[in-house]
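Residues per chain, in single letters:
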Amino acid sequence: VLWVAMIASSTTLFLLASWIPILTVGTGRSASLAAIGLTLFSFGGSFGGLFAGWLIDRLGIAFMTPIPLIAAVLVVTIGALEFSDMGFLAMLCAIGFFVFGGHFGLLGVMGMFYPSANRANGVGWALSVGKLGSIFGPTVAAILIAGHASLSQLLMVAAAPLPIVAMGGFALGRLRSTASRPVVV
């Protein structure tokens, strides 16, 4: 479950991080606005990671489930609606908050699912397998862009893995809560 969620999360994260500048310019905006947009995407992600960590510590892993679902809605929305430049930048910041938030949430909890003796090896495997998404996402975007897909089509594809991340977070939360319950004899 963790590995699938990591692949899905990395697919969306790296697709967006790799292609935001090109997609922004493709909407008729300037290259300087594209650079600001990518910066705000990452800036929002910093706070999203802090929020995800806080949320998981306070309420548990399963409560991070809405984070990637909100990200999916925002990613589809930015491709479907027209925004002013300031609105577009605000949306990129919000998308970064939720996309990175879900990703950092997974990174923060992955050590909980491996025994102490194998934790470093297990986390290393999860990160390495998750990197498949960092290859897959930008590659799919490149193929779609080369095929002249519309912005809304491309962003729907970018959003598609996010419900998988949410389901993974929910399942991990259930696994963790089941594993941490005391055994009643």
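Now for a look at the structure at hand. (Residues numbered from 1 in each chain as written. Predicted model: local features only at pLDDT ≥ 70, side-chain atom pairs only at ≥ 80, totals over all residues. Heavy atoms only, no water.)

1. Observations concerning the packing of aromatic side chains
Tallied over the full model, the rule gives seven aromatic pairs. Ring geometry for F51 and F97: centres 5.6 Å apart, planes at 35°, overall tilted. Residue F51 is found in helix α2 (residues 31–59), and its partner F97 is found in helix α4 (residues 85–109); the two are separated by 46 residues along the sequence. Measuring from centroid to centroid gives 4.8 Å for F97 and F98, while their planes differ by 75°, and the two rings are edge-to-face. What makes F97 partly exposed here is its relative accessible area of 22%. Taking relative accessible area as the criterion, F98 reaches 17% and is therefore assigned buried. Here the aromatic residues F51, W54, F97 and F98 are joined through ring pairs into a cluster of three or more. If you follow R29 out to its NZ or CZ, it ends over the ring of F88, 4.0 Å from the centre. (Phe/Tyr/Trp six-rings, centres within 6.5 Å; stacked < 30°, edge-to-face > 60°. Helix = DSSP H or I, 4+ residues; strand = E, 2+ residues; numbered from the N terminus. Buried < 20%, exposed > 50% of the residue type's maximum accessible area, 1.4 Å probe, protein only. Lys NZ or Arg CZ within 6 Å of the ring centre and 35° of its normal.)

2. As for the packing of helix α3 (residues 66–80) against helix α6 (residues 151–159)
Remark: α3 packs on α6, axes separated minimally by 8 Å, with the N-to-C direction vectors making an angle of 175°. The angle between α3 and α6 falls in the class roughly antiparallel. When α3 is examined against α6, the residues A72, V75, V76, I78 and G79 are found in contact with a partner set consisting of L151, S152, L155, M156, A158 and A159. By residue class, the composition of the contact of α3 with α6 is nine nonpolar, two polar and no charged. (Axes fitted to C-alpha atoms, helices over the stretch in contact; angles between N-to-C directions. Parallel < 35°, antiparallel > 145°, perpendicular 65-115°, else oblique. Contact = heavy atoms within 4.5 Å. Nonpolar A, V, L, I, M, F, W, Y, C, P; charged D, E, K, R; others polar.)

3. Brief notes about the pattern of salt bridges
This structure, assessed with the given rule, holds one salt bridge. The residue R29 makes a salt bridge to D85 at a minimum N-O spacing of 3.0 Å. With R29 in the loop between α1 (2–26) and α2 and D85 in helix α4, this pair connects stretches of sequence that are 56 residues apart. (Salt bridge = Lys/Arg side-chain N within 4 Å of Asp/Glu carboxyl O.)

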